[in-house]
Amino acid sequence: MNLITVTTNEQLEEVYRVRKIVFVDEQHVPLEEEIDNLEEESTHFLLQDEEQSVGAGRFRVVDSYGKVERICVLKHKRKSGAGRAIMEGIEAFAKKEGIKKLKLNAQTHAIPFYEGLGYKVASEEFLDAGIPHKTMIKQL
């Protein structure tokens, strides 16, 4: 698997395609909530396996921390290490940028995955797009 830092419109369209499959089609998040006004200020990542796009994520700097968002993997590649590959790539990017703290809003079913990567729950449960989440943080 190969994680690409998106640099072309074609790659960005692939990111949106993967996110639409996971968040809009599978999880019923409205498209207008999924593709938002923060896309242009974000750095996007696309995970490919044998030239096929299988996962995506985005990163942006908010105040003094890095915000990890929109992490997703197509159903047939879940439990394959794809999610870990995306997260490790984003963390490496953040470190290169001098970021010392990461924050993300995890869907509650994914909390054990993020805990396995060293993230700690830092909030009570809340709803985002009708889906239960908790904020998690990690010091780099």
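Considerations on the environment of Ile111
Along the chain, Ile111 turns up in helix α4 (residues 111-115). Note: C-alpha distance between Ile111 and Thr135 (24 residues apart in sequence) is 9.5 Å. Apart from the residues lying within four places of it in its own chain, the contact partners of Ile111 are Ala106, Val121, Lys134 and Met136.

Considerations on helix α3 (residues 82-96)
Along its 15 residues, α3 runs 21 Å from first to last C-alpha, staying within 8% of the 21 Å computed at 1.5 Å per residue. Inspection of α3 places Ala82, Gly83, Ile86, Met87, Ile90, Glu91, Phe93 and Ala94 among the buried residues, and these make up the whole buried set. A positive backbone phi angle near 85° is found at Gly98, which sits one or two residues after α3.

Focus on the pattern of salt bridges
Taken as a whole, this structure holds 16 salt bridges when the rule is applied. With a closest N to O distance of 3.3 Å, Lys20 and Asp25 form a salt bridge. The class of Lys20 is partly exposed, set by a relative accessible area of 36%. Exposure remark for Asp25: the relative accessible area of 42% places this residue in the partly exposed category. Between Asp49 and Lys77 there is a salt bridge; the shortest N-O distance is 2.4 Å. Within this pair, whereas Asp49 is found in strand β2 (residues 43-49), its partner Lys77 is found in the loop between β4 (65-73) and α3, the two being separated by 28 residues in sequence. Neither Asp49 nor Lys77 differs from the other in exposure class; each is buried. Ionic contacts of the salt-bridge type, sharing partners, join the residues Arg19, Glu34, Asp36, Glu39, Glu41, Arg58, Arg60, Lys67, Glu69 and Arg70 into one network.

Side note on the nonpolar core
Counting 23 residues, the largest nonpolar core has Phe59, Val68, Met87, Leu104, Tyr114 and Tyr119 as the members making the most contacts within it. Among the secondary structure elements, those contributing two or more residues to this core are β2, β3 (52-62), β4, α3, β5 (101-107) and α4. Considering each element in turn, this core owes the most residues, six residues, to α3. Residues within four places of Met87 in sequence aside, it is in contact with Val68, Ile71, Leu104, Phe113, Tyr114, Leu117 and Tyr119. Ranked by size, the runner-up nonpolar core spans 13 residues in total, among them Val18, Phe23, Ala56 and Cys72.

Calculation criteria
Residues numbered from 1 in each chain as written. Predicted model: local features only at pLDDT ≥ 70, side-chain atom pairs only at ≥ 80, totals over all residues. Heavy atoms only, no water. Helix = DSSP H or I, 4+ residues; strand = E, 2+ residues; numbered from the N terminus. Contact = heavy atoms within 4.5 Å. Expected span 1.5 Å × (residues − 1). Buried < 20%, exposed > 50% of the residue type's maximum accessible area, 1.4 Å probe, protein only. Salt bridge = Lys/Arg side-chain N within 4 Å of Asp/Glu carboxyl O. Core = buried A, V, L, I, M, F, W, Y, C linked by side-chain atoms within 4.5 Å.

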